[in-house]
Amino acid sequence: MSKLVTIYGGSGFIGRYIARRMAKEGWRVRVAVRRPNEAIFVKPYGVVGQVEPVLCNIRDDASVASVMQGADAVVNCVGILAETGKNTFGSVQAEGAERIARIAAEQGIERMVQISAIGADADAASIYSKTKAAGEDGVLRHMPEAVILRPSIVFGPEDQFFNRFAGMTRMGPVLPVVGAETKFQPVYVDDVAQAAVKAVLGTAKPGIYELGGPDVKTFRELMRLMLDVVRRKRAVVNIPFWAAGLMGFGFDTLNTLSLGLIPAQITRDQVKNLARDNVVSEDAKGFADLGIDPTSMEAVLPDYLWRFRPSGQYDAIKESAKNLKG
């Protein structure tokens with residue numbers, strides 16, 4: 001019988017790419033999610049019955065253990081950018097990650113992959129980064145041979161970064177950003193998935209890997225690149241951190257008073273994160289150690305950002321028509 005991998009958060013942005021690659025490797029894939037009915041789209045990744053979404057709440061021991069039964073490997077992709085209700089940074093990114101590792105050790109599972117993030121640091125100003133570091137520590141405490149992947153900002157068709165800002169270009173002549181000079185090293189989602197699969201298959205050595213793409217750019221430079229792709233002219237305006245902090249406080253308060261019904265456009269914790277560069281450390285293991293050549297943004301962004309162009313899919317045709325008139 002083919003081997004089985006349980007992917008917690010396997011229908012999310014990164015998880016779905018890992019699930020697809022694991023299915024291509026011939027593994028059975030159990031996609032553990034909070035809402036299986038919303039993860040049906042993963043089933044065609046393999047043959048009938050090969051990829052199955054199952055109900056799981058990573059805040060509960062019994063729930064985590066039940067979907068791990070019989071697995072040969074586990075991957076944890078669960079993470080949040082903002083807290084909602086019981087899904088706090090601590091309960092999800094710290095306690096949840098350690099719970100998965102502890103139960104994996106109890107069940108005798110040999111391989112675990114933890115998706116973390118560059119900037120994970122117990123001494124960081126942001127709770128997001130602190131709990132990512134706590135999650136890593138918890139994983140290594142129970143699964144010392146685990147592979148931990150720390151990607152920079154991840155881009156791809158379903159991302160919440162380039163898609164979000166490209167959508168904002170439709171609203172006016174100004175594109176506001178927080179931390180315009182902060183540096184990032186965006187990484188393609190399928191490259192992260194490829195690294196995770198190597199870890200599951202045992203071709204990646206245990207340890208922590210920081211994953212960044214071939215280009216390091218400031219937030220402002222990333223927005224200008226995106227603007228070139230969507231063929232729009234907008235002024236990229238930096239919001240000072242002090243002002244962004246006040247905005248974050250206001251949005252956090254509004255979110256709390258509305259009992260989570262009104263999502264925060266930016267939180268105070270996100271502002272703290274944006275104050276730090278998000279690039280691969282000089283001494284860190286990375287894609288080169290995994291034998292992976294990372295994909296450039298220029299090779300991928302036009303494939304999914306075209307819909308934000310003034311004429312969408314017809315933009316290129318209009319440009320060609322102009323050339324013919326000339």
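To be clear, the structure that these remarks concern was listed above.
Read on for a plain summary of the structure. Bear in mind the structure is a predicted one, so any value in this text is a computation, not a measurement.

1. So, the pattern of salt bridges
Should their charged atoms come close, side chains of opposite charge can pair.
Inference 1: Counted according to the given criterion, the structure contains 11 salt bridges.
Inference 2: In this structure, D190 and R21 form a salt bridge, with 3.0 Å as the shortest nitrogen-oxygen distance. Here D190 is found in helix 6 (residues 189-201), whereas its partner R21 is found in helix 1 (residues 15-24), with 169 residues between them in sequence.
Inference 3: Using a relative accessible area of 27% as the deciding quantity, one classes R21 as partly exposed.

2. Considering unusual backbone geometry
Inference 1: Despite not being glycine, R231 has its phi angle at roughly 60 degrees, a positive value.
Inference 2: Position of R231 relative to the elements: it lies in the loop between helix 7 (219-230) and strand 13 (235-239).

3. Here's the deal with helix 3 (residues 89-106)
An α-helical turn contains 3.6 residues, so a residue and the one three or four places further along point in the same direction.
Inference 1: Its 18 residues give helix 3 an end-to-end C-alpha distance of 25 Å, which sits within 8% of 26 Å, the value for a rise of 1.5 Å per residue.
Inference 2: At E95, helix 3 shows its strongest bend, of approximately 35 degrees.
Inference 3: Within helix 3, burial applies to F89, S91, V92, Q93, A94, G96, A97, R99, I100, A101, I103 and A104.
Inference 4: Once helix 3 ends, the next one or two residues include G108, with phi positive near 75 degrees.

4. Structural notes on the environment of D121
Inference 1: Locating D121 in the fold gives a position in the loop between strand 5 (111-115) and helix 4 (127-142).
Inference 2: D121 gets classed as partly exposed once you look at its relative accessible area, which sits at 26%.
Inference 3: Sequence separation of D121 and A133 is 12 residues, and the distance between their C-alpha atoms is 5.1 Å.
Inference 4: Beyond its immediate chain neighbours, meaning those up to four positions away, D121 contacts S129, K130, A133 and R276.
Inference 5: A distance of 2.9 Å separates a polar side-chain atom of D121 from the backbone nitrogen of D123.

5. As for the packing of aromatic side chains
Inference 1: Taken as a whole and judged by the stated rule, the model has 9 aromatic pairs.
Inference 2: Between F89 and Y128, the aromatic rings sit 5.9 Å apart at their centres with planes inclined by 80 degrees, giving edge-to-face as the arrangement. In this pair, F89 sits in helix 3 while Y128 sits in helix 4, placing the two residues 39 residues apart along the sequence.
Inference 3: The class of F89 is buried, set by a relative accessible area of 4%.
Inference 4: Considering the side-chain rings of F161 and F219, the 5.6 Å spacing of their centres and the 35 degrees angle between planes classify their relative orientation as tilted. Taken as a pair, F161 in the loop between strand 7 (154-155) and helix 5 (162-168) and F219 in helix 7 lie far apart in primary sequence, 58 residues in all. Like F161, the residue F219 is buried in the burial classification.
Inference 5: An aromatic cluster of at least three residues, connected via ring pairs, comprises F155, F161, F162, F165, F184, Y188 and F219.
Inference 6: Over the face of the ring belonging to F165 we find R164, whose NZ or CZ atom lies 6.0 Å from the ring centre.
Inference 7: Above the plane of the ring of Y209 lies K285, whose end atom (NZ or CZ) is 4.6 Å from the centre.

6. As for the packing of helix 2 (residues 61-68) against helix 3
Packed helices, taken two at a time, are described by their axes: the angle between them and the distance between them.
Inference 1: Running from N to C, helix 2 and helix 3 point in directions that differ by 50 degrees, and their axes come no closer than 10 Å. As the angle between them shows, helix 2 and helix 3 are arranged oblique. Here the hand of the crossing between helix 2 and helix 3 comes out right-handed. For the pair helix 2 and helix 3, the contacting residues are D61, V64, A65 and M68 in the first and R99, I100, R102, I103 and A104 in the second.
Inference 2: Here the contact of helix 2 with helix 3 is composed, by residue class, of 6 nonpolar, no polar and 3 charged.

7. Observations concerning a nonpolar patch on the surface
Inference 1: On the surface, L254, L261 and I262 cluster together to form a nonpolar patch covering roughly 300 Å² of accessible area.
Inference 2: Here L254 lies in helix 8 (residues 241-257).
Inference 3: Given the relative accessible area of 39%, L254 is considered partly exposed.

8. Details of the environment of S116
Inference 1: The topology assignment puts S116 in the loop between strand 5 and helix 4.
Inference 2: C-alpha separation for the pair S116 and G207, spaced 91 residues apart in sequence, amounts to 12 Å.
Inference 3: Polar contacts involving the side chain of S116 include one to the side chain of E136, which spans 2.6 Å.

9. A few points about the packing of helix 3 against helix 4
Inference 1: Running from amino to carboxyl end, helix 3 crosses helix 4 at an angle of 10 degrees, the nearest separation of the two axes being 8 Å. Comparing the axis directions of helix 3 and helix 4 gives the class roughly parallel. Only I127, Y128, T131, K132, A134, G135, G138, V139, R141 and H142 of helix 4 make contact with helix 3, whose side of the interface consists of F89, G90, Q93, A94, A97, E98, A101, R102 and A105.
Inference 2: Among the residues making up the contact of helix 3 with helix 4, the classes are represented as 9 nonpolar, 6 polar and 4 charged.

10. Section: the side chain of Q185
Inference 1: By secondary structure assignment, the location of Q185 is in the loop between strand 9 (183-184) and strand 10 (187-188).
Inference 2: With residues up to four places along the chain from it excluded, the contact list for Q185 reads S152, I153, G212, G213, D215, V216, N278, V279 and V280.

What counts and how
Residues numbered from 1 in each chain as written. Predicted model: local features only at pLDDT ≥ 70, side-chain atom pairs only at ≥ 80, totals over all residues. Heavy atoms only, no water. Salt bridge = Lys/Arg side-chain N within 4 Å of Asp/Glu carboxyl O. Helix = DSSP H or I, 4+ residues; strand = E, 2+ residues; numbered from the N terminus. Buried < 20%, exposed > 50% of the residue type's maximum accessible area, 1.4 Å probe, protein only. Expected span 1.5 Å × (residues − 1). Bend = angle between axes of the 7 residues up to and from the residue. Contact = heavy atoms within 4.5 Å. Polar contact = N/O pair within 3.5 Å; in protein donor to acceptor, adjacent residues only side chain to side chain. Phe/Tyr/Trp six-rings, centres within 6.5 Å; stacked < 30°, edge-to-face > 60°. Lys NZ or Arg CZ within 6 Å of the ring centre and 35° of its normal. Axes fitted to C-alpha atoms, helices over the stretch in contact; angles between N-to-C directions. Parallel < 35°, antiparallel > 145°, perpendicular 65-115°, else oblique. Left-handed = near helix turned anticlockwise from the far one by under 90°. Nonpolar A, V, L, I, M, F, W, Y, C, P; charged D, E, K, R; others polar. Patch = residues over 30% accessible without salt bridge, like charges linked within 9 Å, V, L, I, M, F, W, Y side chains within 5 Å. Areas by Shrake-Rupley, 256 points an atom, 1.4 Å probe, with all protein chains shown as cover.

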